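# Coordinate inspection notes
If you want the building blocks of each chain, they are given just below.
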Amino acid sequence: MPVSVPAELKYTAEHEWLDLDGDTATVGITAFAADALGDVVYLDLPAAGSTVAAGQPCGEIESTKSVSELYAPVDGEVVEVNAKVTDDPGLLNTDPFGEGWLFRMKVTGAGDLLDAAAYLARTGGA
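What comes next concerns the included structure. (Residues numbered from 1 in each chain as written. Predicted model: local features only at pLDDT ≥ 70, side-chain atom pairs only at ≥ 80, totals over all residues. Heavy atoms only, no water.)

## Observations regarding the sheet that holds strand S5 (residues 51-52)
Selection criterion: Strand pairing is assigned whenever DSSP identifies at least 2 bridges connecting the two strands. Secondary structure elements are taken from DSSP: a helix is a run of H or I of four residues or more, a strand is a run of E of two residues or more, and numbering for both begins at the N terminus.
Read from one edge of the open sheet, six strands run S1-S2-S3-S9-S8-S5, paired in antiparallel fashion. In this open sheet, the two edge strands, each paired with only one partner strand, are strand S1 (10-11) and S5. Bridge analysis of strand S3 (residues 24-29) against strand S9 (residues 103-109) gives four bridges, and the strand direction is antiparallel. Counted as the bridge partner of Ala 25 is Met 105 from S9.

Shown next, in the form of structure tokens:
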């Protein structure tokens, strides 16, 4: 099954996506990551007001298969956490690029981001 990789987003090698709007970014995990994790049952996300650094762990995603670290895609301050996804972590499996976003942040520094084509090449997508 082809993996969905929206062209307008940026990606990390650790399977997070970033939707940049000025200096604010919405962050989530890719459909590839959600599929690999299996059924997501719990999220430990950074709190609003916390500072995160690009490439550093900032939370955890627990599924029926494993626990995986969540990495910050860029430097910045978390300004909002998606209450819908913390209440219903399964949204990561059903709608990772929509209702399943994780948090929003004010960006203060760039990270090592990939475009959609580079992310697809990394994940073996077509």
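## Concerning the pairing of strand S2 (residues 16-21)
Sheet analysis places S1 next to S2, joined by two bridges and oriented antiparallel. The residue bridging Tyr 11 from the neighbouring strand is Trp 17, located in S2. The turn linking S1 back onto S2 is made up of four residues, and His 15 within it adopts a positive phi angle of 80°. Sheet topology places S2 next to S3; six bridges connect them, and they run antiparallel. Paired with Asp 19 across the two strands is Thr 26, which belongs to S3. With antiparallel pairing between neighbouring strands as the criterion, S2 and S3 make up a hairpin whose turn holds two residues, including Gly 22 at a positive phi of roughly 70°.

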